[in-house]
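# Fold and contact review
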Amino acid sequence: MVGDLPRRLVAEAIGTMLLVIFGAGAVVAALLMGGGEISYAALGFISLSFAVVVALVIYAFGTTSGAHINPAVTLALAAGRRFPWAEVAPYIAAQLIGAFAGGLLIVGGFGRRAAELGTGLTALGEGVSYGQGILLEVMGTFLLMLTIMAMAVDRRAPSGWAGWIIGMAVACEIFVIGPMTGGAVNPARTFGPYLTTTVFGGDTPWAQFGVYIIGPVVGALLAVLVYDQVARPVRELPEEAEQGTAGEISGSREPAGEVPLARHPGHDQLRERLGRGSRWWRPRQRR
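Rules of the game
Residues numbered from 1 in each chain as written. Predicted model: local features only at pLDDT ≥ 70, side-chain atom pairs only at ≥ 80, totals over all residues. Heavy atoms only, no water. Core = buried A, V, L, I, M, F, W, Y, C linked by side-chain atoms within 4.5 Å. Buried < 20%, exposed > 50% of the residue type's maximum accessible area, 1.4 Å probe, protein only. Helix = DSSP H or I, 4+ residues; strand = E, 2+ residues; numbered from the N terminus. Contact = heavy atoms within 4.5 Å. pLDDT = per-residue confidence, 0-100. 1 Å grid on protein atoms, 1.4 Å probe; cavity = no way out; pocket = protein on both sides within 12 Å on 5 of 7 lines; lining within 4 Å. Points joined across faces, edges and corners; volume = space filled by probe spheres on them. Nonpolar A, V, L, I, M, F, W, Y, C, P; charged D, E, K, R; others polar. Polar contact = N/O pair within 3.5 Å; in protein donor to acceptor, adjacent residues only side chain to side chain. Salt bridge = Lys/Arg side-chain N within 4 Å of Asp/Glu carboxyl O. Phe/Tyr/Trp six-rings, centres within 6.5 Å; stacked < 30°, edge-to-face > 60°. Expected span 1.5 Å × (residues − 1).

Right, let's talk about the nonpolar core for a bit. Counting residues in each nonpolar core, the largest one holds 54 residues, and the members touching the most others are Val54, Leu77, Met145, Ile148, Met149 and Ile166. When contributions to this core are tallied by element, the ones reaching two or more residues are helix 1 (5-33), helix 2 (40-65), helix 3 (71-79), helix 4 (88-110), helix 6 (130-153), helix 7 (162-181), helix 8 (187-199) and helix 9 (211-230). If sequence neighbours within four positions are ignored, isoleucine 148 has contacts with Val73, Val153 and Ile166. Membership of the second largest hydrophobic core comes to nine residues, among which are Val28, Ala99, Ala115 and Ala188.

Structure (structure tokens):
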């Protein structure tokens, strides 16, 4: 992240606003086109809309604020010591404000009928208990956060793919748990449409809101814990890296920091930037 805190908060607010407009907004569009019903095929288009907007927000604001756009992600990164706790509250506040703004813009675009349809809110499906809803949201958020850890946090991840893969993880979880809970995996995504619907006099299931807080937060925390214990990203293990963990990953017995640049996984990009004539490009000679 390269921006100062105020600029990062604006990025989080805009990113979450776009998520609600083009994610929850897709739900409203599907309801209008389907006469108040959402078929499984329509759910596929909703999933695609969520995937695309998540990817674009990550590419637009990822280097500015990290593009969390999700309070559960922010809390999990802080718990995993990858984000300062002092900035957690401002980030979550910006995300909630952005989500509410997104809900208002949905009503502004579709009219009050959007609020009558719930502004794309998430709710438990018929026959789904409170506990089942929490479990499903835990599973969906676990998949999302595991993907974030693998593609955006771990430096071993291939560059340039984070946005699309994380977006597809969102689509994947909606395919599975969408019919049961709406597949929120994000407290802000639920909060924005809930508050907007309430403001415009719609019917809002606030009693279910706990599902969309507990489930995503628990799922994200579990994903960080599992990733750290199983995948163990190198940059989070400086002592092991010094003892050669990075060398083992690259197929070499050389300790971390001693991998010849010519064999480094990112050498193609470095060669393009520095050029072969640079002394930094020449491989280190073995002794």
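Attention now moves to the environment of methionine 180. Position of methionine 180 among the secondary structure elements: in helix 7. Taking the C-alpha atoms as reference, methionine 180 lies 9.7 Å from serine 129; in sequence the two are 51 residues apart.

The next subject is the confidence of the model for the protein chain. Of the residues in the protein chain, 81% reach a pLDDT of 70 or more, and the chain-wide mean stands at 86. A low-confidence stretch, residues 238-265 (pLDDT under 50), is modelled with 36 contacts involving residues beyond four sequence positions or located in other chains. Low pLDDT, under 50, characterises residues 276-287; the predicted model gives this stretch 17 contacts beyond four residues in sequence or across chains.

Let's shift gears to the layout of surface pockets. By volume, the largest pocket amounts to about 900 Å³. As for the largest pocket, its lining consists of 39 residues, and the residues nearest its centre are Ile58, Gly66, Ala152, Ala162 and Ile166. Sorting the residues of the lining of the largest pocket by element identifies helix 2, helix 3, helix 6 and helix 7 as the ones contributing at least two each. Per-element tally for the lining of the largest pocket: the top contributor is helix 2, with six residues. Of the residues that constitute the lining of the largest pocket, the class distribution is 24 nonpolar, nine polar and six charged.

With respect to the helices and strands, threonine 119 occurs in the loop between helix 5 (112-116) and helix 6. We classify threonine 119 as buried; its relative accessible area is 0%. A distance of 2.8 Å separates the side chain of threonine 119 from the side chain of threonine 197, its partner in a polar contact. In this structure threonine 119 touches Ala24, Val28, Gly103, Ile106, Val107, Ala114, Pro193, Thr196 and Thr197, once residues within four positions along its chain are discounted.

For the structure on display, the rule yields three salt bridges. Between glutamate 87 and arginine 8 there is a salt bridge whose closest N-O contact spans 2.6 Å. Separated by 79 residues along the polypeptide, glutamate 87 in the loop between helix 3 and helix 4 and arginine 8 in helix 1 bring together distant segments of the chain. For glutamate 87, a relative accessible area of 16% puts it in the buried group.

The next thing to look at is the packing of aromatic side chains. Applying the stated criterion across every chain yields a total of seven aromatic pairs. Relative to tryptophan 206, the ring of phenylalanine 191 lies with its centre 6.5 Å away and its plane at 65°, an arrangement referred to as edge-to-face. Within this pair, whereas phenylalanine 191 is found in helix 8, its partner tryptophan 206 is found in the loop between helix 8 and helix 9, the two being separated by 15 residues in sequence. By relative accessible area, phenylalanine 191 is classed as buried at 19%. When its relative accessible area of 33% is taken as the criterion, tryptophan 206 is described as partly exposed. With a centroid separation of 6.4 Å and an interplanar angle of 40°, the aromatic rings of phenylalanine 191 and phenylalanine 209 are classed as tilted. Pair noted here: phenylalanine 191 is in helix 8 and phenylalanine 209 is in the loop between helix 8 and helix 9, with a separation of 18 residues, a long-range link.

Here we take up helix 8. Relative to the 18 Å expected for 13 residues at 1.5 Å per residue, helix 8 spans 18 Å between its end C-alpha atoms, a close match to the ideal helical length. Of all the 13 residues making up helix 8, ten are buried; the element is thus mostly covered by neighbouring parts of the structure. Along helix 8, the positions that sit buried rather than exposed are Pro187, Ala188, Arg189, Thr190, Phe191, Gly192, Pro193, Tyr194, Thr196 and Thr197. Looking at the buried side of helix 8, the elements it contacts are helix 1, helix 2, helix 3, helix 4, helix 5 and helix 9. For helix 8, the capping residue at the N-terminal end is asparagine 186, with a side-chain oxygen 2.9 Å from the backbone nitrogen of alanine 188.

Let us now look at the environment of tryptophan 161. Relative to the helices and strands, tryptophan 161 is located in the loop between helix 6 and helix 7. C-alpha separation for the pair tryptophan 161 and methionine 151, spaced ten residues apart in sequence, amounts to 7.2 Å. With residues up to four places along the chain from it excluded, the contact list for tryptophan 161 reads Tyr59 and Met151.

Counting through the fold element by element, alanine 223 comes out in helix 9. Each C-alpha atom of the pair alanine 223 and threonine 147 lies 8.9 Å from the other, and the pair is 76 residues apart in sequence. Once you skip the residues sitting within four places of it in the chain, alanine 223 turns out to touch Phe142, Met145 and Leu146.

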